[in-house]
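Read off the chains here:
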Amino acid sequence: PNVLITTTANREGQHPNGTCPLRWAMGCNAQWKDLETCMAQIRLQEVQRSKQFDWVVRLRPDIQFTYPLGNIRVYDGSFVHAFSALHSEIWDGFALIPRHFADTYFSARQYGGTEYCWLEGPSARAARSSDCQTRLGLHLEAEGVPVARSFPRSLLKVVR
């Protein structure tokens, strides 16, 4: 059976003891907090069915596939499969994630952050696109998660 999990979480406000640095917007932290909640729902589904999923798909709700991904068996389970954003960073709107990397992927908020802000910007390189993409890439790199840029941008389109 197909399972679709959607969740709504309260948006985070400013840090109670100050404000977030202007360079790193609050939206990124809120996005990753929502994705942590989604991962908790996935774990709950696994407990209820007494079996782990093999793959987890991260897809923004305003994205549509332009053609089928094909047989999932052709994707190498030793990589997170994604595509590059404008400046070669991993795009944070879509990924095909082997389950054994999902807990790490969905915990990107923990990379250099607090409950409200991303306090640690990229140390060795400047952000080239959005803070969310930079944060995801740095987090996966730090955790040793290999990423294959397996998809062309033409696979997806924004539908609003």
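Structure: see above.
Residues numbered from 1 in each chain as written. Predicted model: local features only at pLDDT ≥ 70, side-chain atom pairs only at ≥ 80, totals over all residues. Heavy atoms only, no water.

Draft legend 1. Region of interest: the overall build of the chain. The helix and strand inventory of the chain stands at 3 helices and 6 strands. When the helices and strands of the chain are read in sequence order from the N terminus, they spell out α-β-β-β-β-α-α-β-β. Looking at the chain as a whole, 39% of its 160 residues are labelled buried. Considering only contacts within the chain whose residues lie at least 6 apart along the sequence, 74% involve residues at least 24 apart. (Helix = DSSP H or I, 4+ residues; strand = E, 2+ residues; numbered from the N terminus. Buried < 20%, exposed > 50% of the residue type's maximum accessible area, 1.4 Å probe, protein only. Contact = heavy atoms within 4.5 Å.)

Draft legend 2. Here's a closer look at the packing of aromatic side chains. One pass over the structure, following the stated rule, counts 7 aromatic pairs. An angle of 65° between the planes, with centres 5.8 Å apart, marks the rings of W32 and Y105 as edge-to-face. Highlighted residues: W32 in helix α1 (residues 26-49) and Y105 in helix α2 (residues 99-105), separated in sequence by 73 residues. There is no split in this pair, since W32 and Y105 are both buried. Grouped by ring-pair contacts, the aromatic residues F65, Y75, F83, W91, F94 and F151 constitute a single cluster. Directly above the ring of F53 sits R49, whose terminal nitrogen or CZ lies 4.3 Å from the centroid. Directly above the ring of W91 sits R153, whose terminal nitrogen or CZ lies 4.9 Å from the centroid. (Phe/Tyr/Trp six-rings, centres within 6.5 Å; stacked < 30°, edge-to-face > 60°. Lys NZ or Arg CZ within 6 Å of the ring centre and 35° of its normal.)

Draft legend 3. Expanded view of the pattern of salt bridges. Summed over all chains, the structure comprises 6 salt bridges. The shortest N-O distance in the salt bridge between E46 and R99 comes to 2.7 Å. Here E46 is found in helix α1, whereas its partner R99 is found in helix α2, with 53 residues between them in sequence. Relative accessible area serves as the criterion here: at 5%, R99 is assigned to the buried category. (Salt bridge = Lys/Arg side-chain N within 4 Å of Asp/Glu carboxyl O.)

Draft legend 4. Structural context of the nonpolar core. Among the nonpolar cores identified, the biggest contains 21 residues, and W32, V80, I97, Y105, F106 and L136 are the most heavily contacted of them. Taken together, the elements giving at least two residues each to this core come down to α1, β3 (80-82), β4 (94-98), α2 and α3 (131-142). The element that contributes the greatest number of residues to this core is α1, accounting for 6 residues. Those residues within four positions of L136 in sequence are excluded, and the remaining contacts are W32, I90, W91, D92, Y105 and A108. Judged by nonpolar contacts, the second largest core, of 10 residues, contains Y75, F94, F151 and L155. (Core = buried A, V, L, I, M, F, W, Y, C linked by side-chain atoms within 4.5 Å.)

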